[in-house]
Amino acid sequence: EADIYQTPRYLVIGTGKKITLECSQTMGHDKMYWYQQDPGMELHLIHYSYGVNSTEKGDLSSESTVSRIRTEHFPLTLESARPSHTSQYLCASSELGLAGVSNTGELFFGEGSRLTVL
Amino acid sequence: AQSVSQHNHHVILSEAASLELGCNYSYGGTVNLFWYVQYPGQHLQLLLKYFSGDPLVKGIKGFEAEFIKSKFSFNLRKPSVQWSDTAEYFCAVTPGGNAGNMLTFGGGTRLMVKP
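Note that the structure is a prediction, hence the values are computed from the model and not measured.

Draft legend 1. The overall build of chain B, seen in detail. For chain B, the count of helices and strands is 0 helices and 12 strands. What you see in chain B, going N to C, is helices and strands ordered as β-β-β-β-β-β-β-β-β-β-β-β. Against the 2.2 N^0.38 benchmark of 13 Å for 115 residues, chain B shows a C-alpha radius of gyration of 14 Å, consistent with a compact globule. The C-alpha extent of chain B, read off along each of the three principal axes, is 45 × 25 × 20 Å. A burial count over chain B gives 51% of its 115 residues as buried. Within chain B, residue pairs in contact and separated by at least 24 positions form 55% of the contacts whose partners lie at least 6 positions apart. Here chain B has roughly 5,200 Å² of accessible surface; of this, 55% comes from carbon and sulfur atoms. Looking at charge distribution, chain B has the averaged site of its 9 positive side-chain charges lying 3 Å from that of its 7 negative ones.

Draft legend 2. Up close: the side chain of Ser87 of chain A. Residues and elements named next belong to chain A. Position of Ser87 relative to the elements: it lies in strand E9 (residues 87–94). On the accessibility criterion, Ser87 (5% relative accessible area) is buried. Polar side-chain contacts of Ser87 include one of 3.2 Å to the backbone oxygen of Gln37. With sequence-adjacent residues up to four places away left out, Ser87 is seen in contact with Gln36, Gln37, Asp38, Ser113, Arg114 and Leu115.

Draft legend 3. Examining the packing of aromatic side chains more closely. Tallied over the full model, the rule gives 14 aromatic pairs over all chains. Ring plane angle 35° and centroid distance 6.2 Å describe the contact between Phe34 of chain B and Tyr36 of chain B, whose orientation is recorded as tilted. A residue is classified by how much of its surface remains accessible, and Tyr36 of chain B, at 0% relative accessible area, is buried. Counting every residue linked through ring pairs, the aromatic cluster contains Tyr33, Tyr35 and Phe109 of chain A together with Phe34, Tyr36, Phe51, Phe90 and Phe105 of chain B. Over the ring of Phe74 of chain A we find Arg68 of chain A; its NZ or CZ atom is 5.8 Å from the centre of that ring.

Draft legend 4. The nonpolar core, seen in detail. Of all hydrophobic cores here, the largest spans 28 residues; its most connected members are Leu33, Trp35, Leu48, Phe74, Leu76 and Tyr89 of chain B. Going through the elements one at a time, strand E2 (10–14), strand E3 (19–21), strand E5 (31–38), strand E6 (45–50), strand E8 (64–68), strand E9 (73–78), strand E10 (87–95) and strand E12 (109–114) of chain B are the ones with two or more residues in this core.

Draft legend 5. Layout of the pattern of salt bridges. Summed over the entire model, instances satisfying the criterion amount to 9 salt bridges over all chains. Between Arg70 of chain A and Glu72 of chain A there is a salt bridge, with its nearest N and O atoms 3.1 Å apart. On the accessibility criterion, Arg70 of chain A (44% relative accessible area) is partly exposed. Note on Glu72 of chain A: relative accessible area 34%, which makes it partly exposed. Residues Lys58 of chain B and Glu64 of chain B are paired through a salt bridge, measuring 2.9 Å at the closest nitrogen-oxygen approach. Residue classification places Lys58 of chain B among the exposed positions, given a relative accessible area of 61%. Residues joined by salt bridges that share partners form a network here, namely Lys58, Glu64, Glu66 and Arg77 of chain B.

Draft legend 6. Summary view of the state of the cysteines. Residue and element names in this part refer to chain A. Counted under the stated rule, the structure contains 2 disulfides over all chains. Here Cys23 connects covalently by a disulfide to Cys91, the sulfurs 1.9 Å from one another. On the sign convention where negative means left-handed, the S-S torsion of about -80° between Cys23 and Cys91 marks this disulfide as left-handed. One end of the pair, Cys23, is in strand E3 (residues 19–25); the other, Cys91, is in strand E9, and 68 residues separate them in sequence.

Draft legend 7. Representation of the layout of surface pockets within the structure. Here the largest pocket defines a volume of roughly 450 Å³. Forming the walls of the largest pocket are 24 residues, and the residues nearest its centre are Arg114 of chain A together with Gln38, Gly41, Glu88 and Arg110 of chain B. Within the residue set of the lining of the largest pocket, elements represented by two or more residues are E2, E10 and E12 of chain B.

Conventions used here
- Residues numbered from 1 in each chain as written.
- Chains lettered and ligands numbered in written order.
- Predicted model: local features only at pLDDT ≥ 70, side-chain atom pairs only at ≥ 80, totals over all residues.
- Heavy atoms only, no water.
- Helix = DSSP H or I, 4+ residues; strand = E, 2+ residues; numbered from the N terminus.
- Rg over C-alpha atoms; globule rule 2.2 N^0.38 Å.
- Buried < 20%, exposed > 50% of the residue type's maximum accessible area, 1.4 Å probe, protein only.
- Contact = heavy atoms within 4.5 Å.
- Areas by Shrake-Rupley, 256 points an atom, 1.4 Å probe, with all protein chains shown as cover.
- Lys, Arg positive; Asp, Glu negative; His and termini not counted.
- Charge placed at Lys NZ, Arg CZ, Asp CG, Glu CD.
- Polar contact = N/O pair within 3.5 Å; in protein donor to acceptor, adjacent residues only side chain to side chain.
- Phe/Tyr/Trp six-rings, centres within 6.5 Å; stacked < 30°, edge-to-face > 60°.
- Lys NZ or Arg CZ within 6 Å of the ring centre and 35° of its normal.
- Core = buried A, V, L, I, M, F, W, Y, C linked by side-chain atoms within 4.5 Å.
- Salt bridge = Lys/Arg side-chain N within 4 Å of Asp/Glu carboxyl O.
- Disulfide = S-S within 2.5 Å.
- 1 Å grid on protein atoms, 1.4 Å probe; cavity = no way out; pocket = protein on both sides within 12 Å on 5 of 7 lines; lining within 4 Å.
- Points joined across faces, edges and corners; volume = space filled by probe spheres on them.

Next up, the structure:
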């Protein structure tokens, strides 16, 4: 059972509002990720983090920002939401793996936050 | 960069039918391969994975997948599906070795099993 939580599960909001999607994990994982998934489409990595104070942009360009002040917490923020931001956002975490040793590669996912911007 | 193709977007089967979902990837080096499943209303979870060794891997709930390096494929199979297998299935790849967990996902296959 994965211990990674996302809130809110569903959010409907007007254009121009600032929103923050929360993601927390209790597994002590160093690596955390945000994926964006549109219906029927593949998951696209938009942000990831190797640990505290580490944030990197993923393959898909996104206007969102992330922060990693604590190991267990990896919130995603949109300063001014637009209809084009309507999507599902999935948070995930994994073990970092020791240098020179392959880690398991398994990601643990939260249940997702479905955002609708009107 | 690697990419993953899942050719079947929607599959409808009757219970007890056999299942094979295609997955092809493009990457020149060694890879780690995964199948994730998302049941309705639930989070994505790992179904099975291949890192090295026997190219036929077995996962949970009777699923298996075969890595065929020459075909860059990692197809998912199940001899007899059940209604409870209705879900969306995602194939994913990451570079092998210690290259981290930058998983690249396919577009997913939505499976519906009719009772």
